[in-house]
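# Descriptive structure summary
Here's the letter readout for the chains.
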Amino acid sequence: MTTKLMGQKVQRTEDQRFLRGQGRYVDDVHAHPTTLHAAVLRSPHAHARIVDIDVSDVLDVEGVHVVWTYEDLGPLSPEMAEPLPLLIPHPDLTQGRTQYALARDEVNYVGEAVAFVVAEDRYIAEDALDRIQVTWEVLPAVVGIEASRAAEHLVHEDVPGNVGARSEQNTGDVEAALARAPHRLQLELDIERSACTPLEGRGTVARWDADTNRLQVWTSTQTSTGVRAAVAVKLGLDLGQVDVITPDVGGGFGVKVMHPWPEELLVPLAARLLGRTVKFTEDRREHFISSAHERGQVQHIDVGFDDEGRILGLDVMFWHDHGAYTPYGLIVPIITSTQLLGPYKPEVYRVVFESIYTNTVIVTPYRGAGRPQGCFAMERTMDKIAAYLGKDRTEVRAANFIQPDEFPFDQGLIFQDGRELEYDSGDYPASLEKLKRLIGWDEFPALREKMAAEGRTVGIGLACYVEGTGVGPYEGAHVHIETSGKVKVATGLTTQGQGHATVFAQLVADELGVRFEDVEVVTGDTRRMPYAVGTFASRAAVMSGSAIHLAAKRAKEKALRIAADALEVDEADLEIVDGVVQVKGSPSTRLDLGTVAVLSNPLRYAFDEASKAATQFAVGDPGKPPVAEDDEPGLEGKDFYSPQRATFASGMHAAIVETDPDTAEVTILHYAVVHDCGHLINPMIVEGQIHGGVAQGIGGALYERMAYDSSGQLLNASFMDFLMPYVTEIPDGIDIDHLETPSPLNPLGIKGAGEAGVIPVSAVVAAAIEDAEGFPITAMPISPSDLHTLRQEHTS
Amino acid sequence: MSEELHRIRLSVNGVTREVELPARRLLSDALRHDLGLTGTHVGCEHGVCGACTVLVDGRPVRACLMFAVSAVDTEITTVEGLTREDGSLGPVQQAFAECHGLQCGFCTPGFLTTVTACLRENPHPSHDEAREMVAGNLCRCTGYQNIVKAVERAAELADPQHDDQHDDQHDDQQSDAPVEVQP
Ligand code: FES
Ligand code: FES
């Protein structure tokens, strides 16, 4: 191996498959006419009691195999009649509630699963749904944070005030700090709901193998091991009877972190009962009304500061709309409440939140997970302080930065993983300098003047964030060197387009000294790595990357030990280059790694030439047992990586926007990103992640919202009406600069990079529009008609 | 209520296949589930995302908005048909690989077919025209930056004037071009 691959823009190996139409997404599995297809009857009401369900007409439809309502589940599996799990319990979540796989006697959002049909194809299954007669008693719906807080009606009768949780953290006496502060300001800030909206919706395929008494499940998930455990529990199977395979996933962005989805349980149950392969593929409307959303929060900030803009006391209260149920616990509001602090160190901080029920779709983390809201709160506060003091916005930020020599920096709070919120490393002043250069911060006044002379209105904004990435508890990896010299790597977390097959192969090639093209990586297959957590929270590179690095190291150690023995040289004198173990400085004394693999496994039988060379008659010392007491056959390495705490990536974005004087349309003229995720494994992939994140952030800032009416109907449940950005909405060119402050917490010095791009965009765009228009922007997203209305309010 | 089935011939990627289908079967479903050509993806089933785009007589068409029975007597090209005879990648595919124009790959077949058709009509697009070419397809992962680059690179690769010397120049100009490590 001549060049180290870490840090190089290596082209992605998985692309070969995708570009030829040979990707394998869940709906591509068992794509043939014998597969049965499922469809789900979903509630048309946001809040209603089920008085009666009549399915008597359904089985008459030719081609229908099964129709289930809640009543049918218990007899098939007692666990299926229980509510779905509350995945992440938290002591503050005193009123946690989860739904049933099929609604029992009440529905709490439009789209909640009510009945399940399996038929010869999806068309017939949908015909059958039309024949199910449900008698409803419609109840008043609670829609939006205001209605929930008013609590005129309750989502769950037994949850007073619609409050699921109330949580508080503080680092001191904030009231006293505020009272002492020379200056004090208050802000009210709103962010609306949006959704991950991957292009591939959810999907599950299951096949029961009666001969081996095992269930095979393919699902479009971010956590195969999570689905496996849920399926085993709910179907009353041993974990060892369930295999979950996650093939290619067409985007996740959080929504595919399992809860588990009802269909992930119902499809396997049906497959087992029918002895046929059963498939469910969500359609786009279903994705809008029954898959999770995020972002909806109302936030109140009270801040006290000195003449320099240094924050002396920060008091935050916010309300988080978690929808109808709480399967994912309090993760999103906890992240907002802790990550809101960003790169700053207020002297005293208190945060209180209420996580509240509404009759709308559940909320689970969406790329950025609570941080866009937190960043919006903190950065709008910084801008307001700067405006109040008449200072440059970058100066006020710089006055509040944690300094490079202060790491590790303990914020004095408890993070989402239950560990201290302690930042590992960073250099925020250096980032800010880079960003100012990249966007042309100091030159902007001249640009503004020039544009004004042409009758054009422009504004500039910036925002900073810190992102806890690489959260535990662990990931593992298995590296297996075949007798052909090929290296097979398995890690349990999944892949949704982040290029894991490439970046993990880079790490293995570097550590093991093999050719990149000889490494093959498998992710998300519980048969290959049954212990894993999942791909979310920008944790894949840190967690699995580190585990793979460690596992490759172990495989290498074993290879060197065996080779040293065979070549009768000292281990320390050996190196591995391009898959060959050789004596340093004397490369003619060499052994292929494949041959080392042969030597590692003393065989009884000779199947081929390689195994002939490996029989117990050919391998080893006849005076010793063929496998030594402290050894194992095979050339493998397995290891796990479990960090003390999260790594903290950081970054800063800035934008120049133009607002149209007539149409109030907002155009982003220039977008700049400075990004620090520690050492980069593959800068091309990191930049791709930033591009994608920024585009999603622009969607959230300017276009995407979940338009519920007061009865809880989602009015824009299609791509015609939910405006996801096309290329025409994204700036032509996003400038990126990297800073690398390595993390001391893992062997590669890396931090995660998956979510960062999206976090500050709403804050940046709001600041730039505010700068252009001259009045405060306090709610996002902002449409041209919103801006137009604001203009009218501020001129009258 | 058993459905009436229609025996039809579909000509896809130069191969004619006979299938028996109900009249309401979407072309996208027929390609994927009846013919096993799963490269064509369905992202919305209402004609907005473009993931299902195939070429019908050379023109980009949304396969989710067309019934399979109405595709008889046409020549359909799916993403599987863009690869060269010898199995190597066609110019548009190659350009997407070089420029990192895809992440999860779900939208990719629709982009590849669309760009293929557009470059046939306009082999030398300006930068704005390159953006225009992909303006009807949604991608949730890439932020489009590298997709636009890929369109421009594809035009270069497909250009008969384009030779190896030109290729070298291209590499020289882009010192940070991806390292090519191919299996
Ligand atoms: S699936 Fe046909 S356009 Fe979206
Ligand atoms: S690459 Fe995932 S949607 Fe485009």
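See above for the structure.
Residues numbered from 1 in each chain as written. Chains lettered and ligands numbered in written order. Predicted model: local features only at pLDDT ≥ 70, side-chain atom pairs only at ≥ 80, totals over all residues. Heavy atoms only, no water.

## Some points on the overall build of chain B
A tally of helices and strands in chain B yields 6 helices and 5 strands. Starting at the N terminus and ending at the C terminus, chain B contains elements arranged as β-β-α-β-β-β-α-α-α-α-α. Long-range pairs, those at least 24 residues apart, make up 52% of the contacts in chain B between residues at least 6 apart in sequence. Of the roughly 7900 Å² of accessible surface on chain B, a fraction of 45% belongs to carbon and sulfur atoms. (Helix = DSSP H or I, 4+ residues; strand = E, 2+ residues; numbered from the N terminus. Contact = heavy atoms within 4.5 Å. Areas by Shrake-Rupley, 256 points an atom, 1.4 Å probe, with all protein chains shown as cover.)

## As for the overall build of chain A
Regarding its fold elements, chain A presents 20 helices and 29 strands. Considering only C-alpha atoms, chain A reaches an extent of 95 × 75 × 50 Å along its principal axes. Residues classed as buried in chain A amount to 64% of the 796 residues present. In chain A, 80% of the contacts between residues at least 6 apart in sequence involve partners at least 24 apart. Put simply, chain A has 67 plus and 117 minus side-chain charges, and the middle of one group is 4 Å from the middle of the other. (Buried < 20%, exposed > 50% of the residue type's maximum accessible area, 1.4 Å probe, protein only. Lys, Arg positive; Asp, Glu negative; His and termini not counted. Charge placed at Lys NZ, Arg CZ, Asp CG, Glu CD.)

## Notes on the side chain of Gln 99 of chain A
All names here are of chain A. Looking at the element boundaries, Gln 99 is found in the loop between α2 (70-76) and β4 (106-107). At 3.0 Å, the side chain of Gln 99 forms a polar contact with the side chain of Tyr 109. In contact with Gln 99, other than residues within four places in its own chain, are Pro 83, Leu 84, Tyr 109, Glu 112, Pro 262, Tyr 325 and Ile 362. (Polar contact = N/O pair within 3.5 Å; in protein donor to acceptor, adjacent residues only side chain to side chain.)

## Details of the pattern of salt bridges
Within this structure, the stated rule accounts for 65 salt bridges over all chains. One salt bridge connects Asp 27 of chain A with Arg 32 of chain B, and the closest N-O pair in it is separated by 2.7 Å. Taken together, the positions of Asp 27 of chain A in the loop between α1 (15-19) and β1 (36-42) and Arg 32 of chain B in helix α1 (residues 27-34) put the pair across two chains. In this structure, Asp 27 of chain A and Arg 32 of chain B share a single accessibility class: buried. Taking the shortest distance from any N to any O, the salt bridge between Glu 106 of chain A and Arg 49 of chain A comes out at 4.0 Å. Taken together, the positions of Glu 106 of chain A in strand β4 and Arg 49 of chain A in strand β2 (residues 48-54) put the pair 57 residues apart, joining distant regions of the chain. (Salt bridge = Lys/Arg side-chain N within 4 Å of Asp/Glu carboxyl O.)

## What about helix α7 (residues 262-274) of chain A?
Residues and elements named next belong to chain A. The end-to-end C-alpha distance of α7, which contains 13 residues, comes to 18 Å, matching closely the 18 Å that a straight helix rising 1.5 Å per residue would cover. Counting buried positions along α7 gives 10 out of 13 residues, so the element sits mostly inside the fold. All of the buried residues along α7 are Pro 262, Glu 263, Glu 264, Leu 265, Leu 266, Val 267, Pro 268, Leu 269, Ala 270 and Ala 271. Where α7 ends, the next residue or the one after it, Gly 275, has phi of about 65°, a positive value. (Expected span 1.5 Å × (residues − 1).)

## Here we look at the interface of chain B and chain A
Across the contact, 60 residues belong to chain B and 65 residues belong to chain A. Buried surface at the junction of chain B and chain A, summed over both partners, amounts to about 5500 Å²; 56% is from carbon and sulfur atoms. Our count for the contact surface shared by chain B and chain A stands at 6 salt bridges. Residue Arg 32 of chain B pairs with Asp 28 of chain A through a salt bridge whose shortest N-O separation is 2.6 Å. One can count 30 residue pairs in polar contact (both at pLDDT 80 or more) joining chain B with chain A. Every element with two or more residues in the side of chain B that touches chain A is listed here: α1, α2 (91-98), α3 (108-121), α4 (127-133) and α5 (145-158) of chain B. By residue number, the principal contributor to the side of chain B that touches chain A is α2 of chain B, which donates 4 residues. Taken together, the residues of the side of chain B that touches chain A break down into 25 nonpolar, 23 polar and 12 charged. (Buried area = accessible area lost by both parts, 1.4 Å probe. Nonpolar A, V, L, I, M, F, W, Y, C, P; charged D, E, K, R; others polar.)

## Observations regarding the packing of aromatic side chains
All names here are of chain A. Considering all chains together, one arrives at 15 aromatic pairs over all chains under this definition. When the centroid spacing of 5.6 Å and the interplanar angle of 25° are considered together, the rings of Trp 68 and Phe 116 count as stacked. Of this pair, Trp 68 sits in strand β3 (residues 64-68) while Phe 116 sits in strand β5 (residues 113-119), and the two are 48 residues apart along the sequence. The class of Phe 116 is buried, set by a relative accessible area of 0%. Relative to Tyr 325, the ring of Tyr 109 has its centre 6.2 Å away and its plane inclined at 75°; by these criteria the two rings are edge-to-face. With a gap of 216 residues between them, Tyr 109 in the loop between β4 and β5 and Tyr 325 in the loop between β14 (311-321) and α9 (331-339) connect regions that are remote in the sequence. (Phe/Tyr/Trp six-rings, centres within 6.5 Å; stacked < 30°, edge-to-face > 60°.)

## Things to note about the sheet that holds strand β6 (residues 133-138) of chain A
All names here are of chain A. Pairing is antiparallel in the open sheet, where 3 strands are placed in the order β4-β2-β6. The open sheet terminates on both sides in strands that have one partner only, identified here as β4 and β6. The sheet contact formed by β2 and β4 spans 2 bridges and is antiparallel. Counterpart to Arg 49 in the pairing with β4 is Glu 106. (Pairing = 2+ DSSP bridges.)

## What about helix α18 (residues 683-703) of chain A?
With 21 residues, α18 of chain A extends 29 Å between its outermost C-alpha atoms, agreeing within 8% with the 30 Å of an ideal straight helix rising 1.5 Å per residue. With 20 of its 21 residues buried, α18 of chain A lies for the most part within the structure.

## Re the nonpolar core
All names here are of chain A. Within the largest apolar cluster, 158 residues are counted, with the highest numbers of intra-cluster contacts made by Leu 314 and Tyr 423. Apart from residues no more than four positions distant in its own chain, Leu 314 is found in contact with Val 174, Ile 301, Asp 302, Val 303, Leu 340, Leu 341, Pro 346, Val 348, Tyr 349, Arg 350 and Met 378. With 49 residues, the next largest nonpolar core counts Phe 516, Ala 540, Leu 574 and Ala 597 among its residues. (Core = buried A, V, L, I, M, F, W, Y, C linked by side-chain atoms within 4.5 Å.)

## Considerations on a negative patch on the surface
Residue and element names in this part refer to chain A. There is a patch of like negative charges on the surface, built from Glu 557, Asp 565, Glu 568, Asp 570, Glu 571, Asp 573 and Asp 621. On the secondary structure map, Glu 557 appears in helix α15 (residues 540-567). Classification of Glu 557 as partly exposed rests on a relative accessible area of 47%. (Patch = residues over 30% accessible without salt bridge, like charges linked within 9 Å, V, L, I, M, F, W, Y side chains within 5 Å.)

## A look at unusual backbone geometry
Cis rather than trans, the peptide bond between Gly 472 of chain A and Pro 473 of chain A has omega equal to 0°. As for its placement among the helices and strands, Pro 473 of chain A is situated in the loop between β18 (457-469) and β19 (475-481). The residue after Met 780 of chain A, namely Pro 781 of chain A, is reached through a cis peptide bond having omega 0°. As for its position among the elements, Pro 781 of chain A is in the loop between β29 (779-780) and α20 (784-795). Here His 100 of chain B, not a glycine, exhibits a phi torsion of approximately 55°, which is positive. Within the secondary structure, His 100 of chain B sits in the loop between α2 and α3.

## A closer look at the packing of helix α10 (residues 371-389) of chain A against helix α19 (residues 761-773) of chain A
Residues and elements named next belong to chain A. One way to put it is that α10 packs onto α19 with a least axis distance of 9 Å and a crossing angle of 30°. By the angle between their axes, α10 is roughly parallel relative to α19. In terms of crossing hand, the pair formed by α10 and α19 is right-handed. On the side of α10, the interface is formed by Cys 375, Phe 376, Glu 379, Arg 380 and Asp 383, while α19 contributes Ser 762, Ala 763, Ala 766, Ala 767 and Glu 770. In the contact of α10 with α19, the residues fall into 5 nonpolar, 1 polar and 4 charged. (Axes fitted to C-alpha atoms, helices over the stretch in contact; angles between N-to-C directions. Parallel < 35°, antiparallel > 145°, perpendicular 65-115°, else oblique. Left-handed = near helix turned anticlockwise from the far one by under 90°.)

## Comments concerning the sheet that holds strand β25 (residues 636-641) of chain A
Residues and elements named next belong to chain A. Taken together, the 4 strands give an open sheet; going across it, the order is β21-β20-β19-β25, and neighbouring strands pair in mixed fashion. Every other strand in the sheet has two partners, leaving β21 (519-523) and β25 as the edge strands with one partner each. When the angles between neighbouring strand axes are averaged without regard to direction, this sheet yields 15°. As judged from the 6 bridges shared by β19 and β25, these two strands associate in the antiparallel manner.

## Notes on the pairing of strand β13 (residues 297-305) of chain A
Residue and element names in this part refer to chain A. Judged by how many residues are buried, β13 sits mostly within the fold: 8 of 9 residues are covered. Sheet topology places strand β8 (residues 183-191) next to β13; 9 bridges connect them, and they run antiparallel. Across the sheet, residue Leu 185 finds its bridge partner in β13, namely Val 303. In this sheet, β14 lies alongside β13 in antiparallel orientation, the contact comprising 9 bridges. From the neighbouring strand, His 300 faces β14, where its bridge partner is Met 317. Turn length for the β13-β14 hairpin, with the two strands adjacent in sequence and antiparallel, is 5 residues, and the turn residue Gly 309 shows positive phi of about 90°.

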